[in-house]
Each structure stands twice: as structure tokens, then as C-alpha cells.
Amino acid sequence: MKLAVVGAGWAGLACAVHATRAGHQVVVFEAARTLGGRARRVDGDEGLALDNGQHILIGAYSATLAMMRELGVDPDAALLRTPLQLRFADGGGLALPRLPAPLDLLAGILFGARGWTLRDKASLLRTALGWRASGFRCAPQASVAELCAGLTPRVMKELVEPLCVSALNTPVDQSSGEVFLRVLHDALFSGRGGADLLLPRVDLGRLLPDAAAAWLSQHGAPLRLGRRVQSLQADGDRWHIDGEAYDQVVLAGPPWEAARLAREANPHWAATAEALRYEAIATVYTQGALRPLAAPMVSLRSGPGAPAQFVFDRGQLGGPQGLLAFVVSASATEREALQSQVLAQAAVQLQETRLRVLQTVVEKRATFACTPDLVRPPVRIAPGLLACGDYIEGPYPATLEGAVRSGAGAALQLGSA
Ligand SMILES: Cc1cc2nc3c(=O)[nH]c(=O)nc-3n(C[C@H](O)[C@H](O)[C@H](O)COP(=O)(O)OP(=O)(O)OC[C@H]3O[C@@H](n4cnc5c(N)ncnc54)[C@H](O)[C@@H]3O)c2cc1C
């Protein structure tokens, strides 16, 4: 079967690899000159390979890790694995020891939470036991803030808010409790090391997209870079992409582009995709740090005037010494103000007063806003027309793992579409 995959982000690449392996004749169209979509390498201003945004993977990303291995990328070399830790520069916050789940969480709460009172710890234990008793399920309308009503302000500030914003990229009062619990469940119960943090030691291109491109080319699947698909038209039981005929098409672009191309085939599907709302993520890269950070990833105390939630020491992650990446999730501040606020935050919290901004990448539509009771579009659009991407119906928020699973899932449905 002749198949077109429109978009070479992580979902489209996963779909193309799975479909090629299943014996289909695949052509991939990518509008940009670089592969990887919202998780891609960016050539830095001073010749450095940066990313469009600092990414974190976790041990429970089983589909992504399996795909990396299959494409010849060794996750143990490409990713730095550490037990989950959300430590601030002043030493406060939580770190889990390396123990089988859920003992790691239990020991982490009891012994690894610095600066927490007995009341803080008891509130978390009680709430976590309640989640476990309910099978990590809640009403679809519940927000993360509602789910966590029994937690103390410190546990909210030092654990739930950073976890929620890094996993769902949506503030706690607007985030889906159901999706949050699913992420927690999979991280804690998907097997040993599921909650481990996996920090890239190579740029995002080398983590998966480059290897996927090489694999596709070796297996005879052309990748057309710089080719933005303009139109999609049904013709009997085939589909025309800018006039070229295909038996089936998988739309692997972001929701707004998939909606544009699918509108004629299924206006209801397009309207569902267009109804999604977005959150931004900004990454501020700075140079000139005088000392290495206490860990490759450090939590920051965020609030008004202090926008970054995390900082990554790229010098400890395969990059040059002194290069830091500050991550501002759910960012709403304008670029110039954001940069000055991040520098001021670094001076206070890291005692780094000589940093200078190297480059700031703002992704305005980084992820869909993962709100309660959200309706997401399904994989099937019309006979012979499917979609994949992090926003397609599924249990996960907008993540690499959601994208890869969605791509693999769409490939499985080919032929039966
Ligand atoms: C700054 C930032 C930080 C993030 N941090 C994390 C993190 O720490 N952990 C995590 O798991 N996830 C993170 N994410 C989310 C993750 O990057 C996304 O969920 C994932 O990359 C989405 O992949 P996708 O393939 O679904 O879509 P996309 O990456 O959007 O891919 C779509 C592709 O389609 C192409 N395209 C669009 N229109 C057309 C057209 N008409 N013709 C041809 N091609 C087209 C685009 O150019 C793009 O390459 C982050 C995202 C951002 C932006």
C-alpha cells in the first residue's frame, strides 16, 4: 500500500518506521528543513547545537526507549538516568532513593524530603494512599488542584506544582486530574525505574529523528524535507496530496495543520482539533555560569517575577561548561521581560550574577492545554485517512511518549482504516 505521512515530528517518524516495517511503501513529507517538529535540534547563535526546548524523559517512556533501541540509539549512552529528584539550589525539596516502587516513594517522603514537616509528609502519604485506593482514577472533571486539596502548601509548591507543570504544561488549577493520576500511576507502577528522570546527553536530533531518517532511507522510504503539504483531496478510495495519489494518508502535523487539511474530509474532526487550546514553553539559554550546578537538573522557586521552574546544567549533559538552560513552562511573559526576570532569578537562587543570555527559544504552541474533561480528536478521520500526534485521543498529556505511541498506534490501524 502506498502511504503518505504528513509531518516528521516524533509521531510521524514513529508511524513511518512502523508502517515501513509492516511492508507499506511510505513517503514522508516535512514542511521544515529540520526533522523532529517540537523536539528538534536548533543551531545556536554561536555555533552550538541547542534544542528548541529542554526536554526530560522518564523511565516509563517504554515506547520511546524501545524505538530508540530499534533505530540503533543506545538510551544508556544518550540519556543520563537519575532517580526522580526535585531539589532546589538551597537543598530543599524531594529526592527518591533507588528502590523498587512504591518503596522509593515511601522512603523519599519519609527520608528524602528536606525541609518538610511531619504534617507535610503525612498529608502526602494520606493523599497518595487515597489515590492508590481509588486505582489512580478520579472524575474526568476534577482538576489537579481539587485532587490535591488535602496537601499542605509546601507539598503543593515543592512537589505537585513542578510535577504538574513539567508533565502537563498546564497550571494545577486548570490541569486534568485524570491525566495527572495516569502519569503518576505509570511512573510509579510501570516497573523498576519508571519514575527515573532521563536527561538527554545529546541534542534532540541525535536522540531519535536523525536515526529514524537514516533507517527510513535505508529501507527505501523517501523523506521530503521542506515540503509543506498544501492540499488533500479524496478521489474515490484514494487520496491526493498536492495532486499525487496515495492509498492512505496519515496526518502527523500539529492539530491546527491537521485540521486545515482534514476539514473537507471531516469537518467535525477538524472542529474538535481546532478547539484545543495551547500553552507556551520558553527555554532561556545562558552562558557564563561560574560553578557547576549541584545536579544536572535543579528545581527553581517560581512565582511572580521568577518565571523559571527548572534549570539544566548542559555542561553536565554533554554540552560546554557554564551553559545553562532555564525552562519556563506555561509561559506567558514577553521575551525581553522574561530574560531579565530569569537572570534576576538566577542571581538570587543560584548566586550566579554574571550570566548572559545566549539564546531564547519561545514555543508559543508548545503543548495543548491539558484541561479537565478535554475532548481530543480520534485517530480515524475518514476511510483511508488517519491522524497521529501527541494531541490525539489517549491517556497521556503532550509528551514525546504520547507522540511515539500515537504514531505506532496509527500504523497498526493502517489497512483496516
Ligand atoms: C519547548 C518544549 C518542551 C517540551 N518538553 C517536553 C518534555 O520535557 N518531555 C516530553 O515528553 N515532551 C515535551 N514536550 C512535548 C513534545 O515535544 C511533543 O509532545 C512532541 O514533540 C510532539 O510531537 P508530534 O510528532 O506529535 O508533533 P510535532 O512535533 O508538532 O510534529 C509535527 C510535524 O509536522 C510538520 N508539519 C506541519 N504542517 C505540515 C504540512 N502541511 N506538511 C508537512 N509537514 C508539516 C511540522 O513541521 C512538524 O515537524 C515539549 C515541547 C516543547 C515545544
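What follows concerns the site of the ligand. Taken together, 35 residues lie near the ligand, and Glu30, Ile56, Tyr61, Glu257 and Asp390 sit nearest. The separation between an oxygen atom of the ligand and a polar main-chain atom of Ile56 is 2.7 Å. Taking 1,000 Å² as the accessible area of the ligand by itself, protein coverage stands at 93%. Elements supplying a minimum of two residues to the shell around the ligand: helix 1 (10-21), strand 2 (25-30), helix 11 (255-262), strand 20 (356-368) and helix 14 (400-413). Among the residues forming the shell around the ligand, the class breakdown is 17 nonpolar, 10 polar and 8 charged. Two domains each provide a minimum of three residues to the shell around the ligand, namely domain 1 (2-43 + 203-276 + 374-412) and domain 3 (278-368).

Turning next to the sheet that holds strand 20. Strand order in the open sheet made by the 5 strands is 17-18-19-16-20, with antiparallel pairing throughout. At either margin of the open sheet sits one strand with a lone partner, and together these are strand 17 (297-299) and strand 20. Adjacent strand axes in the sheet meet at a mean angle of 20° when their direction is disregarded. Sheet topology places strand 16 (residues 278-287) next to strand 20; 9 bridges connect them, and they run antiparallel. Across the sheet, Thr283 pairs through a bridge with Val361, a residue of strand 20. Seen against the sheet, helix 13 (residues 335-349) touches strand 16, strand 19 (324-329) and strand 20 and runs at an angle of roughly 115° to strand 20.

Before going further, it helps to examine a nonpolar patch on the surface. There is a patch of nonpolar side chains on the surface, built from Leu99, Leu103, Leu106, Leu110 and Phe111 and spanning about 490 Å² of accessible area. When you line up the elements, Leu110 lands in helix 4 (residues 103-111).

Taken as a whole, this structure holds 21 salt bridges when the rule is applied. Salt-bridge contacts for Asp120 lead to Arg154; the nearest nitrogen and oxygen are separated by 2.7 Å. In this pair, Asp120 sits in helix 5 (residues 118-133) while Arg154 sits in helix 7 (residues 153-168), placing the two residues 34 residues apart along the sequence. In this structure Arg154 comes out as partly exposed when scored by relative accessible area, which is 33%.

As a further point, take the side chain of Asn52. Mapped onto the fold, Asn52 is located in the loop between strand 4 (49-51) and strand 5 (57-58). Residue classification places Asn52 among the buried residues on the basis of a relative accessible area of 2%. A distance of 3.0 Å separates a polar atom in the side chain of Asn52 from the backbone nitrogen of Arg40. Of note is the side chain of Asn52, whose polar atom sits 2.8 Å from the side chain of Glu363. Beyond its immediate chain neighbours, meaning those up to four positions away, Asn52 contacts Gly37, Arg38, Ala39, Arg40, Val42, Leu204, Thr283, Val361 and Glu363.

Conventions used here
- Residues numbered from 1 in each chain as written.
- Predicted model: local features only at pLDDT ≥ 70, side-chain atom pairs only at ≥ 80, totals over all residues.
- Heavy atoms only, no water.
- Near = heavy atom within 4 Å.
- Polar contact = N/O pair within 3.5 Å; in protein donor to acceptor, adjacent residues only side chain to side chain.
- Areas by Shrake-Rupley, 256 points an atom, 1.4 Å probe, with all protein chains shown as cover.
- Helix = DSSP H or I, 4+ residues; strand = E, 2+ residues; numbered from the N terminus.
- Nonpolar A, V, L, I, M, F, W, Y, C, P; charged D, E, K, R; others polar.
- Domains from an automatic or database assignment.
- Pairing = 2+ DSSP bridges.
- Axes fitted to C-alpha atoms, helices over the stretch in contact; angles between N-to-C directions.
- Contact = heavy atoms within 4.5 Å.
- Patch = residues over 30% accessible without salt bridge, like charges linked within 9 Å, V, L, I, M, F, W, Y side chains within 5 Å.
- Salt bridge = Lys/Arg side-chain N within 4 Å of Asp/Glu carboxyl O.
- Buried < 20%, exposed > 50% of the residue type's maximum accessible area, 1.4 Å probe, protein only.

Keep in mind that these numbers describe shape and distance, not what the molecule does.
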